[in-house]
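What follows is each chain in one-letter form.
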Amino acid sequence: MSQVTGRAQLLRAPGVSRTGQAPFRRVCASARSPHSVSHVNRRAALIAAGLISTVQALAAEEKPTSEKSATETLPHTDQEPPQYLPMMEEIDQLGAQAQVKHDVNTKVEDPESPKGDAKGPAIKRQHFVVMRHGERIDEMDKSWSAQASRPYDPYLTPKGEEQAKAVAEQLKQFDIKRVYISPFYRCLQTTMFAMEGVKVPPDSWTISCAVSEFLNPWIMVKKGGKLPPGHINDWFWEDKDMKDYMATRLPKDIASRVKYGQQTFLRFPENLLNSRARYAKAFQDIADEVDGENVLIVTHGDAVNSSVTRLMPWTIVYPVLHTGFTVAYRDQHQDGTWGGWVLQSSSGESGVWWTGKLKPAYQVFEGALNVYDGAYGVYNRWAPSWAPFRQPVGGPKAEGSKA
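Structural notes on the sheet that holds strand β3 (residues 205-207)
Pairing within the open sheet is mixed, and its 7 strands lie in the order β4-β3-β2-β5-β1-β7-β8. Whereas interior strands pair on both sides, the edge strands pair on one side only; in this sheet they are β4 (259-260) and β8 (342-343). The sheet contact formed by strand β7 (residues 325-333) and β8 spans 2 bridges and is antiparallel. Note on β8: the bridge partner recorded for Y329 is V342.

Considering the nonpolar core
Judged by nonpolar contacts, the single largest core of 43 residues is most densely connected at V179, W205, I207, F236, M246 and L296. With 7 residues, the single largest contributor to this core is helix α9 (residues 185-198). Those residues within four positions of I207 in sequence are excluded, and the remaining contacts are I181, S182, P183, L188, M242, M246, L250, V258, K259, Y260, G261 and Q262.

A look at unusual backbone geometry
The bulk of non-glycine residues show a negative phi, and the bulk of peptide bonds are trans. Here F268 and P269 are connected by a cis peptide whose omega angle stands at -5 degrees. Considering the arrangement of structural elements, one finds P269 in the loop between β4 and α14 (272-289). The residue K199 is not glycine, and still its phi comes out positive at about 65 degrees. Mapping K199 onto the fold places it in the loop between α9 and β3. For K199, a relative accessible area of 63% translates into the label exposed. Unusually for a residue other than glycine, D239 sits at a positive phi of about 65 degrees. As for its placement among the helices and strands, D239 is situated in the loop between α11 (232-235) and α12 (242-249).

Topic: the packing of helix α7 (residues 158-166) against α9
At a closest axis distance of 7 Å, the pairing of α7 and α9 adopts a crossing angle of 45 degrees. By the angle between their axes, α7 is oblique relative to α9. Once α7 is placed against α9, the crossing between them reads as right-handed. Counted together, E161, A164 and K165 of α7 and Q189, T190, F193, A194 and E196 of α9 form the full contact between these two elements. Counted by class, the contact of α7 with α9 contains 3 nonpolar, 2 polar and 3 charged residues.

So, the packing of α14 against helix α15 (residues 301-309)
The interhelical angle for the contact between α14 and α15, taken along N-to-C directions, is 70 degrees, at an axis separation of 9 Å. Taken together, the axes of α14 and α15 are roughly perpendicular relative to one another. Contacts between α14 and α15 involve L272, S275, R276, Y279 and F283 from the former and D302, A303, N305, S306, S307 and T309 from the latter. Here the residues of the contact of α14 with α15 are counted per class, giving 4 nonpolar, 5 polar and 2 charged.

Let's talk about α7
Burial in α7 covers these residues: G160, Q163 and A164. Take α7 and look down its axis: the buried residues cluster within an arc of 100 degrees, on one side only.

What to know about the pattern of salt bridges
Pairs can form between side chains of opposite charge once their charged atoms are near each other. Here the structure, examined in full by the defined rule, presents 16 salt bridges. The shortest N-O distance in the salt bridge between D285 and K281 comes to 2.8 Å. You can see D285 and its partner K281 sitting in helix α14, 4 residues apart, about one turn around the helix. Take K281: its relative accessible area is 39%, and that puts it in the partly exposed class. Here the residues in one salt-bridge network are R150, D153, E238 and R249, joined through shared partners.

Brief notes about the environment of T315
Tracing the backbone shows T315 in the loop between α15 and β6 (316-317). In this structure the C-alpha to C-alpha distance between T315 and W353, which are 38 residues apart in sequence, comes to 10.0 Å. Once residues within four sequence positions are removed from consideration, T315 is found in contact with V308, T309, W354, T355 and G356. Reaching out from T315, the side chain makes a polar contact with the backbone oxygen of M312 at a distance of 2.7 Å.

Quick look at the packing of aromatic side chains
One pass over the full model with this rule turns up 16 aromatic pairs. When the centroid spacing of 5.6 Å and the interplanar angle of 65 degrees are considered together, the rings of F128 and W341 count as edge-to-face. With F128 in strand β1 (residues 122-132) and W341 in the loop between β7 and β8, the pair connects residues that are 213 residues apart, well separated along the chain. A relative accessible area of 2% means that F128 is categorised as buried. Taken together, Y152, F184, W235, F236, W237, Y245, F265 and F268 form an aromatic cluster joined through their ring pairs. The lysine or arginine in question, R310, covers the ring of W341, its NZ or CZ lying 5.4 Å from the ring centre. Taking the ring centre of W338 as reference, the NZ or CZ of R330 above it sits at 4.5 Å.

Here we look at the pairing of β1
Counting buried residues in β1 gives 9 out of 11 residues, a clear majority hidden from the surface. Of the pairings in the sheet, the one linking β1 to β7 comprises 9 bridges and is antiparallel in character. Along β7, the bridge assignment pairs M131 with F325. The pairing of β1 with strand β5 (residues 295-299) spans 5 bridges and is classified as parallel. Counterpart to V129 in the pairing with β5 is L296.

A short note on the confidence of the model for the protein chain
One rule of thumb: low pLDDT means the predicted coordinates there are not for detailed reading. Looking at the protein chain as a whole, the pLDDT averages 76, with 65% of positions reaching at least 70. Within the model, the stretch residues 1-43 combines pLDDT values under 50 with 96 contacts to residues more than four positions away or in other chains. Contacts of residues 393-403 to residues separated by more than four positions or lying in other chains number 18 contacts, the stretch itself having pLDDT below 50.

About the criteria used
- Sequence order sets the numbering: in each chain, residues are counted from 1 along the sequence as written.
- Since the coordinates come from a predicted model, pLDDT governs what is reported: local features require at least 70, and pairs of side-chain atoms require 80 or more to be given and counted, while whole-chain, interface and lining totals use all residues.
- Side-chain metrics rest on all non-hydrogen atoms present in the structure, leaving aside hydrogens and water.
- Should DSSP find at least two bridges between two strands, the strands are regarded as paired.
- To qualify as a helix, a DSSP run of H or I must reach at least 4 residues; to qualify as a strand, a run of E must reach at least 2; elements of each kind are numbered from the N terminus.
- Among buried residues, those of type Ala, Val, Leu, Ile, Met, Phe, Trp, Tyr and Cys that are joined through side-chain atoms within 4.5 Å constitute a nonpolar core.
- Exposure categories follow from relative accessible area, calculated using a 1.4 Å probe and restricted to protein chains: below 20% of the type maximum is buried, above 50% is exposed, and the middle band is partly exposed.
- Between two residues, a contact is recorded if the distance between any of their heavy atoms is within 4.5 Å.
- Only C-alpha atoms enter the line fits that serve as axes; for helices the fit covers just the stretch in contact. Angles between N-to-C directions range over 0 to 180 degrees.
- An angle below 35 degrees is treated as roughly parallel, one above 145 as roughly antiparallel, one from 65 to 115 as roughly perpendicular, and anything else as oblique.
- The sense of a crossing depends on the near helix, which, turned anticlockwise from the far helix by less than a right angle, makes the crossing left-handed and, turned clockwise, makes it right-handed.
- As a working rule, the residues Ala, Val, Leu, Ile, Met, Phe, Trp, Tyr, Cys and Pro are called nonpolar, Asp, Glu, Lys and Arg charged, and the rest polar, with Gly in that last group.
- Throughout, the arc means that of the directions going from the helix axis to the C-beta atoms.
- A pair is scored as a salt bridge if a Lys or Arg side-chain nitrogen falls within 4 Å of a carboxyl oxygen belonging to Asp or Glu.
- Residues adjacent in sequence count toward polar contacts only when both atoms are side-chain atoms; beyond that, a polar contact is any pair of N or O atoms within 3.5 Å, and within protein one must be able to donate a hydrogen and the other to accept it.
- Here a pair means two rings of Phe, Tyr or Trp (six-membered ring of Trp) with centres within 6.5 Å. Their orientation is stacked below 30 degrees between planes, edge-to-face above 60, and tilted elsewhere.
- For a ring to carry a charge above it, either NZ of a lysine or CZ of an arginine must fall within 6 Å of the ring centroid while also lying within 35 degrees of the normal to the ring plane.
- Per-residue confidence from the predictor is reported as pLDDT, a score between 0 and 100.

Next comes the structure, spelled out in structure tokens:
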């Protein structure tokens, strides 16, 4: 299997051919439909579709060195595993030196007061922190996945527990008031250990499937492990609902106090574009839900990756270190409206590295999309009803969407 074909297994959406090429009109319809999940960023699917081949070439050229092979990070199947992708959550720690750098309590620069803009001085600043969990047992014990009853839900190693405790010192500076947590056990554990230092009580925690793992079978288990058959909702909760299941996994004093957000998983399995759209929507929904309070998301590597690419879509993000995090902020104006998000973190500052080599290609492709939008609008307005590719008034609608 070629590298391009292998990667396409993770990237392509349902209905895409093995060469990774989907009909352009179908992609356009999905991205433009108000009924589509990807409407959160209407150009995301289009731009990603145009840049996939470039991403693959740069990924092969730019990937950091790792002692672990791609084969070791994928579930046991009879198929040849897809090649390395920097977007997928992976064990790669970028070397001991990089982890030591991350473990140092680095201060993230933050202005003392919110800045203003054309609307006048800002009155409030909201920080949004997205963090990966600590080191997990199946990364250290190669036999664990084959023996575990829940190989898709590993717990933290002792080192992972210490990482979660240590990162609290860095998180304190953001005055966290709310915490949103993936329901996977490694994230629950990371939260419990980190909050010992940050001192956010369980009453301010929310467990939500919206920020869960990238739900791709290739990612969810390591070599030797297998997922149960059926939809993830059929087996993850062990014949319970989320609340009853959490009562069996969390200490009683925590389980009785936490809040529960999205209580079921939606699309399964996901491809890369599905997960990016889900994370982007979840981040914005959470930021609005907490009414301007500073929030921490305890989640997975691909979600941290998405916290960068949703603000800088041209970037390639390398595998995120354990408890690596990003920080974004937005300012509220005197009229009560919120400004746009700004990525406060810099590459390599807090366990997350990225490169911006795709920016020129992204800008060129986005310019081409603007031309396409204009031409398509003129054509759709003036072409006769029988003309090919003409869409009804209101624009194209994604396949399967409801009126």
